[in-house]
Amino acid sequence: MKKIIDQDTVNLTHLANVWDETKAKSYGDDDVALLLYRSNILGSDLRITNYAGGNTSCKQKEIDPLTGEEVDVLWVKGSGGDIGTMTKKGLATLYLDKLHALKKLYKGIRFEDEMVPLLAHCNYNLNTTAPSIDTPLHAFIPHKHIDHLHPDAIIAIAASGNGKEITGEIFNGTVGWVDWQRPGFDLGLKLEEALQKNPDLRGIVLGGHGLINWGTTAYECYVNSLDLIDTATRYLEERYGSRKPIFGGEVSKSLEKEKRYEQAAAIMPLLRGLCSDKNRMIGHFTDDERVLEFVNSKDLAILAARGTSCPDHFLRTKIRPLVLPVSAGDDLKDLTAVKDRIEKEFESYREYYTSYYNRCKDDQSPPMRDPNPVILLWPQVGMFTFAKDKQTARVASEFYINAINVMKGAEAVSEYVGLSEQEAFNIEYWALEEAKLRRMPKEKALSRKVAIISGAGGGIGRSIAKKFLEEGACVVVTDNQADRIGEVYEEFAGTFKKDVVTSCIVDVTKEESILDAYRKATVEFGGVDIIVHSAGLAISKPIVETTKEDWDFLYAVMVRGQFLLAREGVKILQAQGMGGDIVNIVSKNALVSGPKNVAYGSAKAAQLHMSRLMAAELGPQKIRVNSVNPDAVIRGSKIWDDGWAAARAKAYGITVDELPAFYAKRTVLNEEVLPDDIAEAVFAFVGGQLKKSTGNLLNVDGGITESFPR
Ligand SMILES: [Zn+2]
């Protein structure tokens, strides 16, 4: 077999060859196993390809289940997958000869999309994985192993004004060039033609898009990919700042780290509200140094307006970002001072997006999508991204950093050229992309919502957090005990992914501690929608034994804590202007008068009445305030662990195990009340079914006649 490259001459200076024969063998020893190993190691480095970007393939002989004869099968990444985490299930399989036979049916570029459903007819062995749109690229290039990647360094060259010449110069004519063309059947034919003309090529740069290259073995293909990317990276690095200063030079200095965080936290609720005027969005913030270099530069406005190039980048980031018209040093305690200016900028962005849609659409185009920006840049501070969920917002941010790298590289050697407006539109509103969007699973009840919960280190608060996460919310879990909240965070981050949960140690008796938690909520997710005060404790003593400290502590945690948590949360809800929910965990004792309970019972009554007062005041802003009254929820609670259960059991002359049944007997329904029962009640208020309910209370106590409201 003729070698594609001479591996002895490969000298990597930026990327590392991490191929490990033992690990490779652990995948198996056929070409498909090595394809998977290669894909996983390539996809684990963002310099090599972006999340879910690019695709890889191999061609292998298989036994046809229909004929029992040997056939050539193309194994290629499935549509929408990520090579870094791909398993065998993520590969589509297609008969190679049938793919080639499709050429006879091809009527030309105007009918290109008609070829896509035909790919399914080439399916080998009833595989249910849908093949990537790039399948023809892999099918029509004759080599055995193929990588199509989106490395920033190569895209920088692919998006340069004279990218073709630069490609020739860097690789001494061993790498070809194909002008920008949307991926699909026709691009596959163009690549086949390029290789027929020049069979010795080791790869081809796809104009405005990325790289495709190959090898006779999985390993050779891997080394070829690394060497091409490394060589391009080196070429760019040697030229940064030599043609002209990077991004035209620095015109502003970043704020200090803490100040950036503070300003980001202050402005995000306002931005989130504006980005959410059609659909509620979740936010993400980064002050990565590559972002700061770009936002502080002279060329920011010019380059941002050119939009991103690689179609993958662009689909995630929208055609262009919005640069905030606010000075980073502005005092943002009062947002009204900057609100008008930002609103106007959003208005003109939406108008621009609408006119772009109207200019480029044709009668086949899907309806216009949300015209709000996804990427917001703020000189001296960083970048905000907004999307339907946290992962999408984070990935959009990663993609714009890819785009920044591309612009930096392209501007170092030439002039950066974005996709033309019409080409960008054709990608954004491609019928195939629209179909992908329509296939998305239905969103959950709390998708796009952010919740903050006090006392989430155990018992009721923890159950509420879990329920919210199951229903799709992003959750900030808080508790005053570091070990408890650390444990809860670890568990939830494992079950629900790190993206959707964050934790904060919060002492609700301290104003600054509550402010910290909200800063975290806004910087992590863009703001807050649901506030649950679940922190509490029980002290039960006769009046003459109740100390001033007992009294003050109960009131500080439960009453003043509820007030402070609500007050600071309401400021954010008001800045967002999207309404919201406050749910306070009160108690049967807010309604029932019993002995030895003056401090606790009156604090609970204060919590209940405060909830009603807030409901009355905040209703016009669509902020609902409701209460849940649990009783005798002892399992999983702090007081249970602290020996309280043992003391109560002793007092009643029963064992600890008998305690739940003992409490259940005191209820009309003869039911023990569990933390999950309370979580269900809280969810009932915020899950969308009780939208017109505020100032209400819901008893979850197994039925206690004294606490029936009247
Ligand atoms: Zn691509």
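Residues numbered from 1 in each chain as written. Predicted model: local features only at pLDDT ≥ 70, side-chain atom pairs only at ≥ 80, totals over all residues. Heavy atoms only, no water.

Asker: Can you break down the coordination of the zinc ion residue by residue, with the values?
Answerer: Every protein donor of the zinc ion is accounted for by His148 (NE2), His150 (NE2) and His209 (NE2), and the metal-donor separations fall at 2.1 Å. All donors of the zinc ion belong to a single chain; written as a sequence motif, their spacing is H-x1-H-x58-H. One end of the pair, His150, is in the loop between strand 4 (145–149) and helix 6 (152–158); the other, His209, is in the loop between strand 6 (203–206) and strand 7 (210–215), and 59 residues separate them in sequence. No difference in accessibility class separates His150 from His209, as the two residues are buried. (Donors = N, O, S within 2.8 Å, 3.2 Å for Na, K, Ca; no water. Helix = DSSP H or I, 4+ residues; strand = E, 2+ residues; numbered from the N terminus. Buried < 20%, exposed > 50% of the residue type's maximum accessible area, 1.4 Å probe, protein only.)

Asker: Can you tell me about the packing of aromatic side chains, naming the residues and giving the values?
Answerer: Here the structure, examined in full by the defined rule, presents 22 aromatic pairs. Residues Phe247 and Phe294 carry aromatic rings whose centres are separated by 5.0 Å and whose planes lie at 70° to one another, so their mutual orientation is edge-to-face. Of this pair, Phe247 sits in the loop between helix 9 (218–237) and helix 10 (257–275) while Phe294 sits in helix 11 (residues 289–295), placing them 47 residues apart in sequence. Accessibility expressed as a relative area gives 2% for Phe247, which makes it buried. Residues Phe425 and Tyr429 carry aromatic rings whose centres are separated by 4.7 Å and whose planes lie at 25° to one another, so their mutual orientation is stacked. By relative accessible area, Tyr429 is classed as buried at 5%. Aromatic ring contacts, followed pair by pair, group Trp19, Tyr27, Tyr37, Tyr219 and Tyr222 into a single cluster. In this structure, Lys107 is placed above the aromatic ring of Phe111, and the distance from its NZ or CZ to the ring centre is 4.9 Å. (Phe/Tyr/Trp six-rings, centres within 6.5 Å; stacked < 30°, edge-to-face > 60°. Lys NZ or Arg CZ within 6 Å of the ring centre and 35° of its normal.)

Asker: Can you tell me about the side chain of Lys408, naming the residues and giving the values?
Answerer: Structurally, Lys408 can be placed in helix 15 (residues 390–413). A polar atom in the side chain of Lys408 sits 3.1 Å from the side chain of Glu293. Dropping the residues within four chain positions of it, Lys408 is found in contact with Tyr240, Ile246, Phe247 and Glu293. (Polar contact = N/O pair within 3.5 Å; in protein donor to acceptor, adjacent residues only side chain to side chain. Contact = heavy atoms within 4.5 Å.)

Asker: Any details on the sheet that holds strand 1 (residues 55–63)? Residues and values, ideally.
Answerer: With mixed pairing, seven strands are arranged side by side in an open sheet as 3-2-1-4-7-6-5. The open sheet is flanked by strand 3 (91–95) and strand 5 (175–178), the only strands paired with a single partner. Neighbour-to-neighbour, the strand axes of the sheet open up by a mean angle of 20°, direction not taken into account. With four bridges connecting them, strand 6 and strand 7 associate as antiparallel partners. Opposite Leu206, over in strand 7, you have Gly210 as the bridge partner. Along the sheet, helix 2 (residues 31–43) contacts strand 1, strand 2 (70–77), strand 3 and strand 4; its crossing angle with strand 1, the most-contacted strand, is approximately 170°. Here helix 7 (residues 163–171) sits on the sheet and contacts strand 5 and strand 6; the angle it forms with strand 5, its principal contact strand, is near 170°. (Pairing = 2+ DSSP bridges. Axes fitted to C-alpha atoms, helices over the stretch in contact; angles between N-to-C directions.)

Asker: Run through the sheet that holds strand 10 (residues 375–378), naming residues and quoting values.
Answerer: Judged by pairing direction, the sheet is mixed, and its four strands sit side by side in the order 8-11-10-9 without closing on themselves. Only two strands of the sheet have a single neighbouring strand rather than two, namely strand 8 (282–286) and strand 9 (322–323). In this sheet, strand 10 lies alongside strand 9 in parallel orientation, the contact comprising two bridges. Bridge pairing in strand 10 links Val323 to Leu377.

Asker: Tell me about a nonpolar patch on the surface, and name the residues and values.
Answerer: There is a patch of nonpolar side chains on the surface, built from Ile543, Val544, Trp551 and Val598 and spanning about 420 Å² of accessible area. Here Val598 shows up in helix 22 (residues 598–618). Taking relative accessible area as the criterion, Val598 reaches 42% and is therefore assigned partly exposed. (Patch = residues over 30% accessible without salt bridge, like charges linked within 9 Å, V, L, I, M, F, W, Y side chains within 5 Å. Areas by Shrake-Rupley, 256 points an atom, 1.4 Å probe, with all protein chains shown as cover. Salt bridge = Lys/Arg side-chain N within 4 Å of Asp/Glu carboxyl O.)

Asker: Now, about helix 2: what can you tell me, with residues and values included?
Answerer: Taking 1.5 Å of rise per residue, 13 residues should cover 18 Å, and helix 2 covers 18 Å from first to last C-alpha, within 8% of that figure. The buried fraction of helix 2 amounts to twelve of the 13 residues, a majority that puts the element mostly inside the structure. Among the residues of helix 2, those classed as buried are Asp31, Val32, Ala33, Leu35, Leu36, Tyr37, Arg38, Ser39, Asn40, Ile41, Leu42 and Gly43. Lining the buried residues of helix 2 we find helix 1 (21–27), strand 1, strand 2, strand 3, strand 4 and helix 9. (Expected span 1.5 Å × (residues − 1).)

Asker: For the packing of helix 10 against helix 20 (residues 511–525), give the residues involved together with the corresponding values.
Answerer: Relative orientation of the contacting elements helix 10 and helix 20 amounts to 65°, with a least axis distance of 8 Å. In the crossing of helix 10 with helix 20, the sense of the turn from one axis to the other is left-handed. For the pair helix 10 and helix 20, the contacting residues are Tyr261, Ala264, Ala265, Met268, Pro269 and Arg272 in the first and Arg519, Lys520, Thr522, Val523 and Phe525 in the second. A per-class count over the contact of helix 10 with helix 20 returns seven nonpolar, one polar and three charged. (Left-handed = near helix turned anticlockwise from the far one by under 90°. Nonpolar A, V, L, I, M, F, W, Y, C, P; charged D, E, K, R; others polar.)

Asker: How would you explain the side chain of Glu471 if you had to name every residue and give the values?
Answerer: As for its placement among the helices and strands, Glu471 is situated in the loop between helix 18 (459–470) and strand 13 (474–479). Once residues within four sequence positions are removed from consideration, Glu471 is found in contact with Lys444, Ala445, Leu446, Ser447 and Phe683.

Asker: Give me the lowdown on the packing of helix 10 against helix 14 (residues 336–360), citing residues and values where you can.
Answerer: Interaxial distance between helix 10 and helix 14 falls to 11 Å at its minimum, and their mutual angle equals 35°. Classified by chirality, the crossing of helix 14 by helix 10 is right-handed. Judged by residue contacts, Ile267, Leu270, Leu271, Leu274 and Cys275 of helix 10 engage Val338, Lys339, Ile342, Glu343, Phe346 and Arg350 from helix 14. Residue classes in the contact of helix 10 with helix 14 are distributed as eight nonpolar, no polar and three charged.

Asker: So, the environment of Thr509: which residues are in play, and what are the values?
Answerer: Within the element layout of this structure, Thr509 appears in the loop between strand 14 (501–505) and helix 20. Exposure remark for Thr509: the relative accessible area of 18% places this residue in the buried category. Along the primary structure Thr509 and Asp479 are separated by 30 residues, whereas in three dimensions their C-alpha atoms are 12 Å apart. If sequence neighbours within four positions are ignored, Thr509 has contacts with Ala556, Val557 and Arg560. A distance of 2.6 Å separates a polar atom in the side chain of Thr509 from a polar atom in the side chain of Asp507.

Geometric descriptors of this kind do not, in isolation, establish any biological role.
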